[in-house]
Amino acid sequence: MTQDRSPRTDDAATDEPDTVPDVLADLSVLRERGVPFHVETETAERGAVADLATYDDMAVVGIEDGDGRALLRKATADCAWKLPVETVAANDDYAAAARHALAATGVAGTLDAVEGVWGIDLATPDGEATASRRFVVFRAEPDRTAAEPLRIASGEATVFDA
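Numbers given to residues run from 1 along each chain, matching the order in which its sequence is written. Under the rules for a predicted model, residues below a pLDDT of 70 receive no local features and side-chain atom pairs below 80 are neither given nor counted, while totals for whole chains, interfaces and linings still include all residues. Values reported for side chains reflect all heavy atoms of the structure, with hydrogen atoms and water molecules removed beforehand.

K.L.:
Quick question: what am I supposed to make of the nonpolar core here?
P.N.:
Here is a general trend for soluble globular proteins: nonpolar side chains tend to be buried in one another's company. The definition of a nonpolar core used throughout is a set of buried Ala, Val, Leu, Ile, Met, Phe, Trp, Tyr and Cys residues joined through side-chain atoms within 4.5 Å. Think of it in three bands: residues with accessible area under 20% of the maximum for their type are buried, residues over 50% are exposed, and the middle band is partly exposed, with areas taken using a 1.4 Å probe on protein chains only. Core analysis: the largest hydrophobic core is formed by 25 residues, its most contacted members being Leu30, Leu111, Val136 and Phe138. Note on conventions: DSSP H or I runs of at least 4 residues are helices, E runs of at least 2 residues are strands, and numbering of each starts at the N terminus. Within the residue set of this core, elements represented by two or more residues are strand 2 (37-43), strand 3 (57-63), helix 3 (94-103), strand 6 (109-123) and strand 7 (130-142). Counting residues per element, this core draws most heavily on helix 3, at six residues. Of all hydrophobic cores here, the second largest spans seven residues; its members include Val49, Leu52, Ile120 and Ala131.

Dropping the structure here:
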């Protein structure tokens, strides 16, 4: 197992490395901007590689209130509490998916940075079959002008102490 931990630098290929692109379908843009990538590469049996290939990537949104509490959401009644997340199919827009995940919480806010990309690359021992999955983690800022920016009425989202 190896990890690619490209360091984030302030002198990345852009003047604004922390800003979220309007459209983000190609993750190499993030690497060029100095966003850290944490990717594990493993060898697995053909069935596990085939299973991984059926899963979409994910856009994950982290948002905290002024007291350091994290916003968590239940996508379904049977689902565990987790950070807001949205699937991203091949060639789709990660930023649009992250904005959708944030909007689905009912919290007014904006995406203000890409914190990192986590992922897994699997290959069969002979290298003939490969699959990968990426999780792009965005940071969002709640609308501080709202009276109670993280007050959720629906019961589908809540805040927890981090």
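Having seen the model, we can carry on.
K.L.:
Please clarify how the packing of aromatic side chains should be interpreted in this entry.
P.N.:
Each pair of aromatic rings is reported with the distance of its centres and the angle of its planes. Ring pairs are drawn from Phe, Tyr and Trp, using the six-membered ring of Trp, whenever the two centres fall within 6.5 Å, and their geometry is named by plane angle: stacked under 30 degrees, edge-to-face over 60, tilted for the rest. This model, assessed by the stated rule, comprises zero aromatic pairs. Looking at Arg31, its charged tip hangs above the ring of Phe37, at a distance of 4.0 Å from the centre. Only Lys NZ and Arg CZ are tested; either one counts as a charge over a ring when it is within 6 Å of the ring centre and within 35 degrees of the ring normal.

K.L.:
Looking at this structure, how should I read the pattern of salt bridges?
P.N.:
When the charged atoms of two side chains with opposite charge come close together, those side chains can pair. Think of a salt bridge as a Lys or Arg side-chain nitrogen and an Asp or Glu carboxyl oxygen that are within 4 Å of each other. If you walk through the whole model with that rule in mind, you get four salt bridges. Between Glu115 and Arg139 there is a salt bridge, and its shortest N-O distance comes to 2.6 Å. Of the two residues, Glu115 is situated in strand 6 and Arg139 in strand 7; the sequence distance between them amounts to 24 residues. Judged by its relative accessible area of 29%, Glu115 is partly exposed. Assessed through its relative accessible area of 35%, Arg139 is described here as partly exposed. In this structure, Asp121 engages Arg134 in a salt bridge whose closest nitrogen and oxygen atoms are separated by 2.8 Å. A residue pair is termed long-range when its members are at least 10 positions apart, and Asp121 in strand 6 and Arg134 in strand 7 qualify at 13 residues. By relative accessible area, which is 22% here, Asp121 ends up partly exposed. Arg134 gets classed as buried once you look at its relative accessible area, which sits at 15%. It is possible to trace a salt-bridge network through shared partners that takes in Asp112, Glu115 and Arg139.

K.L.:
Would you mind going over the environment of Asp56 with me for this structure?
P.N.:
If you trace the backbone, Asp56 turns up in the loop between helix 2 (46-53) and strand 3. Judged by relative accessible area, which is 34%, Asp56 ranks as partly exposed. Sequence separation between Asp56 and Thr87 is 31 residues; the distance between their C-alpha atoms is 5.9 Å.

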